[in-house]
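An overview of the molecular structure
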Amino acid sequence: QVQLVESGGGLVQAGGSLRLSCAASGRTFSSYTIAWTRQAPGKEREIVAAIASTGGKTYYVESVKGRFTITRDNAKNTVYLQMNSLQPDDTAVYYCAAKTGMGILWYMPEYAYWGRGTQVTVSS
């Protein structure tokens, strides 16, 4: 089992940047695929980016390609989401999630472990 804690959210102006961190407990962190998801008010939760256990494979939703970068440091049990050129539509609560194995990176039902989220607000 893995426990996840997000940090790094906040208020930023449009065009700005934030880096989110997802810190995980457990000695087998390197075996988990990790995703960043987000949920805006009145909208369904969506997977924004995901990274396989070794970091060799990533996924990005179309709306963030070229702006967001997901990376992981298995030695620190941490996954990062670098978010650049932020827009008001990026405003949401961002959650990290984990699953064992790789499977389909963008398939949310496979993610069994969730953090409590961190708020990102982008002002226009």
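Refer to the preceding data block for the structure.
The structure reproduced in this document is the subject of the present report. All of these numbers come straight from a predicted model, not from anything done at the bench.

It is worth spelling out the overall build of the protein at this point. Across its full length, the protein holds zero helices and eleven strands. Going residue by residue from the N terminus, the α and β elements of the protein occur as β-β-β-β-β-β-β-β-β-β-β. What you see for the protein is a C-alpha radius of gyration of 13 Å, in line with the 14 Å of a compact globule of 124 residues. Across its three principal directions, the C-alpha atoms of the protein cover 40 × 25 × 25 Å. The proportion of buried residues among the 124 residues of the protein is 43%. Of the contacts made within the protein by residues no fewer than 6 positions apart, 58% connect residues no fewer than 24 positions apart.

The next point concerns the nonpolar core. General note: in soluble globular proteins, nonpolar side chains tend to be found buried as a group. In this structure, Trp36, Phe68, Ile70, Val79, Leu81, Met83 and Tyr94 are the most contacted members of the largest nonpolar core, which totals 30 residues. Only strand E3 (18-24), strand E4 (32-39), strand E5 (46-51), strand E7 (68-73), strand E8 (78-83), strand E9 (92-100) and strand E11 (118-123) provide two or more residues apiece to this core. Not counting the four nearest positions on each side in its chain, tyrosine 94 is found in contact with Glu6, Leu20, Trp36, Thr37, Arg38, Val48, Phe68, Leu81, Met83, Gly117, Thr118 and Val120. Ala50, Ala97, Leu105 and Tyr111 belong to the second-largest nonpolar core, a separate cluster that totals six residues.

This brings us to the sheet that holds E8. Sheet strands pair via backbone hydrogen bonds, and the direction of the pair is either parallel or antiparallel. Ordered by their spatial adjacency, four strands build an open sheet running E1-E3-E8-E7, and the pairing between neighbours is antiparallel. Edge positions in the open sheet fall to strand E1 (4-7) and E7, since each of these has one partner strand only. Direction aside, the axes of adjacent strands within the sheet are offset by 15° on average. Taken together, the six bridges between E7 and E8 define a ladder with antiparallel strand orientation. In the sheet register, threonine 69 faces E8, and the bridge partner there is glutamine 82.

Basis of the calculations
- Just so you know, the residues in each chain are numbered from 1, in the order the chain's sequence is written.
- A pLDDT threshold of at least 70 governs which residues receive local features in this predicted model, and a stricter bar of 80 or more applies before side-chain atom pairs are shown or counted, although totals over entire chains, interfaces and linings include all residues.
- Computation of side-chain values covers all heavy atoms of the structure but excludes hydrogens and water.
- Put simply, DSSP H or I for four residues or longer makes a helix, DSSP E for two residues or longer makes a strand, and each gets a number counted from the N terminus.
- The size measure is the radius of gyration over C-alpha atoms, and the globule rule it meets is 2.2 Å times the number of residues to the 0.38 power.
- A simple rule labels every residue: compare its accessible area, found with a 1.4 Å probe on the protein chains alone, to the largest value its type can have, and call it buried under 20%, exposed over 50%, or partly exposed in between.
- Contacts are residue-level and defined by heavy atoms, with any inter-residue pair within 4.5 Å sufficient.
- In this text, buried Ala, Val, Leu, Ile, Met, Phe, Trp, Tyr and Cys residues form a nonpolar core when linked through side-chain atoms within 4.5 Å.
- Strands pair, by our definition, only if DSSP identifies at least two bridges between them.
- Working convention: axes come from line fits to C-alpha atoms, limited for helices to the stretch in contact. Angles between N-to-C directions cover 0 to 180 degrees.

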